[in-house]
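# Per-entry structural report
This is what each chain is made of:
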Amino acid sequence: MKMTLRWFGSKHDNVTLEQIKQIPGCVGVITTLYDSKPGEVWSSEAIQAMRNEVESAGLEVSGIESVNIHDDIKIGLPTRDKYINNYIETLENLGEGGINLVCYNFMPVFDWTRSDLAKLRPDGSTVLSYDQEVIDKIDPDKIFKEMEASSNGFVLPGWEPERLGKVRELFEMYKDVDEEKLFENLIYFLNAIMPTCQKYGIKMAIHMDDPAWSVFNLPRIINNKENIQRMLDAVPVENNGLTICTGSLGSNPDNDIPDIIRSFKGRIHFAHIRNLVHHGPGKFDEAAHLSSDGSLDMYEIVKALYDIGMEGPIRPDHGRMIWGEKAMPGYGLYDRALGATYLNGLWEAIDKSVKQGMLGFNN
């Protein structure tokens, strides 16, 4: 396991590489070319400059999150092959640049959805929150303005202004795309890029849908064990794998996250680990990583990752906003640093317990 932190680049992130370097046990960042647009080719020069910046701070680029997928690919338009070829060229440049992990998602229109970006908790911190009753009352055309107003001045990943300025157009484009069609388009995309991934050893790690159900009647296809299994079976190549996101899967209490992790041994390339607290069907708040602060058993989740021999990167996902920090919602430094330290502590405890048990020291 490699502990990492997501970093959006020096032009977009108030958290610095020097600060990340000081988090005990954190060896790298999961980053991106945040100025790039879906469908654009990432140049070798831009990739190398990104690597140089990160490595000069004593960290590694542990993976990319995300090389965003153009809507024409998700919708299955005749122009999709053009954008798939661009995607392949980007993968080639990443592979030649020594980067071999790409986290991505296949969600239409919105990468993720929340009803509140700064819900106040009793301890004075604020968190991302979701309430289906609130979402049901929101006009999709207006949700971007509401998110932007609560973003602390940062551009939120998946909510870029140039994209969401055409929300109504996007909904019209997706009107005939149901779950089956979206699934077919995903498999078409994966079959096209897998030869390149195999050539360069690139692991494609699809992110879970967030939340794990349809929002605004848009299809969701990577949201439970059955659907994940179907996707992996359709493209049975090790490079075609998963980003296990405990918060996304955990939004549905029916998802048994430790069982899902153990079921997909060998195909989990990356993990986002965060906690949340359920208040009822379709209603949850994000929480501190500590198990007792939410509804998820973080020990059992980390134990499952340990049991499958997880060697790839993990990162603490969305943190609370604490200690007066002003940052991109979910992506401040302080609570994610606490989360990384907590997760490292769990991993160390599990590792020592298992090894002592093997030596006969277990009481």
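Below is a summary of the structure that appears in this document. (Residues numbered from 1 in each chain as written. Predicted model: local features only at pLDDT ≥ 70, side-chain atom pairs only at ≥ 80, totals over all residues. Heavy atoms only, no water.)

### Concerning the packing of helix 13 (residues 298–307) against helix 14 (residues 334–358)
- For the pair helix 13 and helix 14, the least separation of the axes is 10 Å and the interaxial angle reads 60°. Accordingly, the angle class assigned to the pair helix 13 and helix 14 is oblique. Where helix 13 crosses over helix 14, the two elements pack in a sense that is right-handed. When helix 13 is examined against helix 14, the residues M298, Y299, V302, K303, L305 and Y306 are found in contact with a partner set consisting of Y342, L343, L346, W347, I350, D351, V354 and K355.
- Taken together, the residues of the contact of helix 13 with helix 14 sort by class into eleven nonpolar, no polar and three charged. (Axes fitted to C-alpha atoms, helices over the stretch in contact; angles between N-to-C directions. Helix = DSSP H or I, 4+ residues; strand = E, 2+ residues; numbered from the N terminus. Parallel < 35°, antiparallel > 145°, perpendicular 65-115°, else oblique. Left-handed = near helix turned anticlockwise from the far one by under 90°. Contact = heavy atoms within 4.5 Å. Nonpolar A, V, L, I, M, F, W, Y, C, P; charged D, E, K, R; others polar.)

### Observations regarding unusual backbone geometry
- With an omega dihedral of 10°, the bond running from E65 to S66 counts as a cis peptide bond.
- By the secondary structure assignment, S66 is in the loop between strand 3 (60–65) and helix 3 (71–75).
- Residue P211 follows D210 across a cis peptide bond; omega there is 0°.
- One can find P211 in the loop between strand 7 (203–207) and helix 10 (225–234).
- With a phi close to 65°, N217 is a non-glycine residue in the positive phi region.
- With respect to the helices and strands, the residue N217 is situated in the loop between strand 7 and helix 10.
- A relative accessible area of 76% places N217 in the exposed class.
- If you check the backbone angles, W323 has positive phi at about 60° while not being a glycine.
- Along the chain, the position of W323 falls in the loop between strand 12 (313–316) and helix 14.
- Look at W323 and you get exposed, because its relative accessible area is 64%. (Buried < 20%, exposed > 50% of the residue type's maximum accessible area, 1.4 Å probe, protein only.)

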